[in-house]
Amino acid sequence: VGPFAPRGLFLSTALEELRIAMKMETDYETEARLTDQMRALLERDPELRVPRVRHELSSTRVLATELLPGVPFDQVAGMSQEVRNKVARAMMRLTLRELFEFNLMQTDPNW
């Protein structure tokens, strides 16, 4: 592994974790179920919306959802401080609810 990984890292273990994570990320039936679950958990949230899964258009190889209005996340950096603060608060509140209330982390931590 040399200089590319920390001492003590077992490459085979890291690769197995990566394989499991990639399999989970491309399991669109599970992703659809978790999206439905997260949508139900957040249905009363005034700031956050989860797109509805279009089950009739989805399959094991495709996940189709409705298109919601919004802007790409990277564009928030160019918005007013008030907007950036609002987005940051909503993201932090969602993350904390996922961890401590829902026990379900559906938001990608690499936003």
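Predicted model, so just to flag it, every value in this text is computed and none were measured.

Novice: Whenever I open this one, the overall build of the protein chain confuses me. Can you help?
Specialist: Secondary structure summary: the protein chain contains three helices and zero strands in total. Helices and strands appear in the protein chain in the N-to-C order α-α-α. Burial analysis of the protein chain (111 residues in total) assigns 20% to the buried set. Look at the contacts in the protein chain between residues 6 or more apart in sequence, and 41% of them connect residues 24 or more apart. As displayed, the protein chain has an accessible area near 8900 Å², and 59% of this comes from carbon and sulfur atoms.

Novice: Any chance you could explain a nonpolar patch on the surface here in plain terms?
Specialist: Nonpolar side chains collect at one region of the surface, where Met92, Leu96, Leu99, Phe100 and Met105 lie side by side and expose about 530 Å² of accessible area between them. Inspection of the secondary structure puts Leu99 in helix 3 (residues 81-102).

Novice: Sorry, what's going on with the side chain of Ser58 here?
Specialist: Tracing the backbone through its elements, the reader meets Ser58 in the loop between helix 2 (28-41) and helix 3. Of the polar contacts made by the side chain of Ser58, one reaches the backbone oxygen of Arg54; its length is 2.9 Å. Sequence-distant contacts of Ser58, defined by excluding residues within four places in its chain, comprise Val53, Leu63 and Ala64.

Novice: I keep staring at unusual backbone geometry and nothing clicks. Help me out?
Specialist: Glycine aside, the phi torsion of most residues is negative, and most peptide linkages are trans. We note that Asn103 has phi near 55 degrees; this positive angle belongs to a residue other than glycine. Mapped onto the elements, Asn103 comes out in the segment after helix 3.

Novice: What am I meant to see in the pattern of salt bridges here?
Specialist: Pairs can form between side chains of opposite charge whenever their charged atoms are close. Tallying each qualifying case throughout the model produces eight salt bridges. Here Arg39 makes a salt bridge to Glu66, at a shortest N to O gap of 3.7 Å. In this pair, Arg39 is assigned in helix 2 and Glu66 in the loop between helix 2 and helix 3, connecting sequence segments 27 residues apart. Arg39 gets classed as partly exposed once you look at its relative accessible area, which sits at 24%. The exposure class assigned to Glu66 is partly exposed, which follows from its relative accessible area of 25%. Notably, a salt bridge pairs Glu101 with Arg97, separated by 2.9 Å at the nearest N-O pair. Of the two residues, Glu101 and Arg97 both sit in helix 3, four residues apart, roughly one turn of that helix. Residues participating in the shared-partner salt-bridge network are Asp45, Glu47, Arg93, Arg97 and Glu101.

Scoring rules and cut-offs
- Residues numbered from 1 in each chain as written.
- Predicted model: local features only at pLDDT ≥ 70, side-chain atom pairs only at ≥ 80, totals over all residues.
- Heavy atoms only, no water.
- Helix = DSSP H or I, 4+ residues; strand = E, 2+ residues; numbered from the N terminus.
- Buried < 20%, exposed > 50% of the residue type's maximum accessible area, 1.4 Å probe, protein only.
- Contact = heavy atoms within 4.5 Å.
- Areas by Shrake-Rupley, 256 points an atom, 1.4 Å probe, with all protein chains shown as cover.
- Patch = residues over 30% accessible without salt bridge, like charges linked within 9 Å, V, L, I, M, F, W, Y side chains within 5 Å.
- Salt bridge = Lys/Arg side-chain N within 4 Å of Asp/Glu carboxyl O.
- Polar contact = N/O pair within 3.5 Å; in protein donor to acceptor, adjacent residues only side chain to side chain.

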